[in-house]
Amino acid sequence: METQITSLKEYNTFGIEVLANNFNIAKNEDEILDFLRENKNVPLILGGGSNILFKKNINKAILKIEIKGIEIIEENKNSIYVSVGAGENWNDFVKWSLVKNYGGIENLSLIPGNVGSAPIQNIGAYGVELKDVFYSCRAISVDEKTIQIFNKEQCNFTYRSSIFKEKLKNKYIISRVTFKLSKTNHIINSEYKPLKDLLLYKGNLNPSVQDISKLVIEIRTNKLPDPKKIGNCGSFFKNPIISSIKFKNLFKNFNTVPNYKISENEVKIPAAWLIEECGFKGKIEGKTGTHKKHALVIINKGGATGEEIYNFSQKIKKSVLKKFNILLEEEVNIFE
């Protein structure tokens with residue numbers, strides 16, 4: 001177990017310069033358990049740092065999870081079960097699966113972050129969510145210092161959330177995740193409009209999982225900035241889901257609003273459209289702003305503080321609420 005005072009600039013994709021006075025790294029479950037026994041207070045758990053905004057220096061203990069390893073634990077003719085360490089880079093795992101011709105996570109290509117954070121957020125993109133391939137995870141109880149297995153039902157997955165982000169927030173540390181991927185007869189998810197349009201444009205009517213991954217990467221790189229070049233955490237806000245009644249009233253005044261029917265009673269609205277309609281796409285204020293190609297992405301132009309980025313995000317939030325009567329919810333985790 002390593003412990004030291006350290007800068008967190010390299011550990012968050014916003015590139016925010018803050019200091020941690022109790023920074024620790026755990027490379028296996030025993031090191032997590034040892035840390036929990038030695039520290040009474042709940043630590044801040046750090047994975048790939050792709051969904052975090054630090055507003056100031058962190059005075060509480062930080063535990064960075066670096067558990068590695070990809071292991072095949074079971075397989076049959078059509079499916080394979082793969083256990084992956086929480087510290088593995090998510091996109092590296094996607095690339096590994098594609099080399100093996102395993103299907104299920106190709107639509108989630110190029111999503112930043114580590115495997116351990118994926119179930120917490122129920123990450124999703126281009127018509128696929130983490131829950132679609134999730135089988136189980138190993139998680140360590142912060143209070144009990146014991147290891148528990150959670151199956152899919154126990155995780156209570158919802159849109160960009162799970163039991164680990166709601167009821168059990170800060171109660172468990174995920175150490176490994178097991179996925180069920182396809183070996184044959186891959187289900188190709190290509191109905192998400194940007195992906196479907198690109199497939200039609202390229203004349204690819206029978207794409208492979210590798211084709212889907214390449215197209216997803218093409219779409220993402222064309223509209224989303226690389227965190228290694230421009231500090232950002234991807235989508236800052238969730239796409240709001242509103243009632244059908246509220247949508248009807250919204251449509252009366254804004255009849256060009258894009259929308260996706262979730263159920264008989266719910267409609268999802270793209271947060272990027274709401275933000276753009278409020279005039280924030282590509283808007284820059286000091287060292288922060290929104291990306292010129294995607295209004296949902298707040299950027300650090302260089303040297304911005306977490307406080308500056310947060311304050312700018314709240315301006316967006318207030319503007320959308322005033323114009324559309326919709327309260328945006330942050331997808332990023334904000335640490336005071």
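Higher on the page you've got the structure.
Everything numeric in this text was worked out from a predicted model, so none of it was measured.

Conventions we followed
Residues numbered from 1 in each chain as written. Predicted model: local features only at pLDDT ≥ 70, side-chain atom pairs only at ≥ 80, totals over all residues. Heavy atoms only, no water. Pairing = 2+ DSSP bridges. Helix = DSSP H or I, 4+ residues; strand = E, 2+ residues; numbered from the N terminus. Axes fitted to C-alpha atoms, helices over the stretch in contact; angles between N-to-C directions. Contact = heavy atoms within 4.5 Å. 1 Å grid on protein atoms, 1.4 Å probe; cavity = no way out; pocket = protein on both sides within 12 Å on 5 of 7 lines; lining within 4 Å. Points joined across faces, edges and corners; volume = space filled by probe spheres on them. Nonpolar A, V, L, I, M, F, W, Y, C, P; charged D, E, K, R; others polar. Phe/Tyr/Trp six-rings, centres within 6.5 Å; stacked < 30°, edge-to-face > 60°. Buried < 20%, exposed > 50% of the residue type's maximum accessible area, 1.4 Å probe, protein only. Lys NZ or Arg CZ within 6 Å of the ring centre and 35° of its normal. Arc of directions from axis to C-beta. Polar contact = N/O pair within 3.5 Å; in protein donor to acceptor, adjacent residues only side chain to side chain. Core = buried A, V, L, I, M, F, W, Y, C linked by side-chain atoms within 4.5 Å. Salt bridge = Lys/Arg side-chain N within 4 Å of Asp/Glu carboxyl O.

A.B. asks: Describe the sheet that holds strand E6 (residues 70-75), listing the residues and the values that go with them.
C.D. replies: Read from one edge of the open sheet, five strands run E6-E7-E12-E10-E11, paired in antiparallel fashion. Each of the sheet's edge strands pairs with one partner strand only, and the pair in question is E6 and strand E11 (147-151). Taken pair by pair, the neighbouring strands of this sheet meet at an average axis angle of 25 degrees, ignoring direction. Taken strand by strand, helix H1 (residues 29-38) contacts strand E10 (134-141), E11 and strand E12 (172-182), and its axis lies near 35 degrees from that of E10. Where helix H2 (residues 90-99) meets the sheet, it contacts E6, strand E7 (79-85) and E12, and its direction lies at approximately 25 degrees from that of E12.

A.B. asks: Now, about the layout of surface pockets: what can you tell me, with residues and values included?
C.D. replies: For the second largest pocket, the calculated volume is near 890 Å³. For the second largest pocket, the lining is made up of 38 residues, of which Thr 13, Pro 112, Asp 226, Pro 227 and Lys 228 are closest to its centre. For the lining of the second largest pocket, the secondary structure elements donating two or more residues are H2, helix H6 (209-223) and strand E13 (231-235). Sort the elements by how many residues they give to the lining of the second largest pocket and E13 lands first, with four residues. When grouped by side-chain class, the residues that make up the lining of the second largest pocket number ten nonpolar, 18 polar and ten charged.

A.B. asks: Break down the packing of aromatic side chains for me, citing the residues and quoting the values.
C.D. replies: The geometry of an aromatic ring pair is captured by two quantities: the separation of the ring centres and the angle between the planes. All chains considered together, the criterion is met by 18 aromatic pairs. Residues Phe 93 and Trp 96 carry aromatic rings whose centres are separated by 6.1 Å and whose planes lie at 25 degrees to one another, so their mutual orientation is stacked. You can see Phe 93 and its partner Trp 96 sitting in helix H2, three residues apart, about one turn around the helix. Judged by relative accessible area, which is 0%, Phe 93 ranks as buried. Ring plane angle 55 degrees and centroid distance 4.7 Å describe the contact between Phe 254 and Phe 324, whose orientation is recorded as tilted. A residue pair is termed long-range when its members are at least 10 positions apart, and Phe 254 in the loop between helix H7 (244-253) and strand E15 (260-261) and Phe 324 in helix H9 (residues 306-324) qualify at 70 residues. Among the aromatic side chains, those forming a connected cluster through ring pairs are Trp 90, Phe 93, Trp 96, Tyr 102 and Phe 179. The side chain of Lys 55 reaches across the aromatic face of Tyr 310, ending 3.8 Å from its centre. Across from the ring centre of Phe 280, 4.8 Å away, lies the NZ or CZ of Lys 283, which sits over that ring.

A.B. asks: Which residues make up the sheet that holds strand E14 (residues 241-243), and what are the values?
C.D. replies: Spatially, E14-E16-E15 is the arrangement adopted by the three strands of the open sheet, whose pairing is antiparallel. Of all the strands in the sheet, just E14 and E15 have a single pairing partner and so form its edges. This element, H7, spans E14 and strand E16 (266-268) of the sheet and lies at about 90 degrees to E14.

A.B. asks: Which residues make up the side chain of Ser 175, and what values do they have?
C.D. replies: Summarising the element assignment, Ser 175 is placed in strand E12. Not counting residues within four places of it along the chain, the set of residues in contact with Ser 175 comprises Glu 29, Ile 67, Val 84, Gly 85, Ala 86, Arg 138 and Ala 139.

A.B. asks: Kindly report on H2, identifying the contributing residues and their values.
C.D. replies: Among the residues making up H2, those that are buried are Trp 90, Asn 91, Phe 93, Val 94, Ser 97 and Leu 98. Buried positions in H2, seen along its axis, are confined to an arc of 155 degrees and lie on one side of it. Structurally, H2 contributes buried residues whose contacts are with E6, E7, helix H3 (118-121), E12 and H6. By the N-cap criterion, in which a side-chain oxygen at the helix start approaches the backbone nitrogen of a residue two or three places on, H2 is capped by Asn 89, the distance to Asn 91 being 3.0 Å. A positive phi of about 65 degrees marks Asn 101, the residue just after H2.

A.B. asks: Could you give an account of the pairing of strand E5 (residues 62-65), with specific residues and numbers?
C.D. replies: Of the two faces of E5, the one lined by Ile 62 and Lys 64 and the one lined by Leu 63 and Ile 65 are each fully buried. Where strand E2 (residues 19-26) and E5 come together, four bridges link them in parallel fashion. For Phe 23, the partnering residue across the bridge sits in E5 and is Ile 62. Here strand E3 (residues 44-46) runs beside E5; their pairing, made up of three bridges, is parallel. Directly across from Leu 44, in E5, lies its bridge partner Ile 62.

A.B. asks: So what's going on with the nonpolar core? Which residues, and what values?
C.D. replies: Soluble globular proteins tend to pack their nonpolar side chains together in the buried interior. Among the nonpolar cores identified, the biggest contains 42 residues, and Phe 236, Ile 275, Ile 316 and Val 320 are the most heavily contacted of them. Elements represented by at least two residues in this core include exactly E2, E3, strand E4 (52-54), H7, helix H8 (271-277), strand E19 (294-300) and H9. Leave out the neighbours within four places in its chain, and Ile 275 touches Phe 237, Phe 280, Lys 281, Ala 295, Leu 296, Ile 316, Val 320 and Leu 328.

A.B. asks: Please give an account of the environment of Lys 228 that cites residues and values.
C.D. replies: Here Lys 228 is to be found in the loop between H6 and E13. A relative accessible area of 80% means that Lys 228 is categorised as exposed.

A.B. asks: Talk me through the pattern of salt bridges; I want residue IDs and the actual numbers.
C.D. replies: Enumeration according to the criterion identifies 19 salt bridges in this entry. With a closest N to O distance of 3.6 Å, Lys 95 and Asp 92 form a salt bridge. Of this pair, Lys 95 and Asp 92 both sit in helix H2, separated by three residues, roughly a single helical turn. A relative accessible area of 47% means that Lys 95 is categorised as partly exposed. Put simply, Glu 276 and Lys 281 hold a salt bridge, and the shortest N to O gap is 3.9 Å. Linked by salt bridges that have partners in common, Glu 129, Lys 131, Asp 132 and Arg 160 make up one network.

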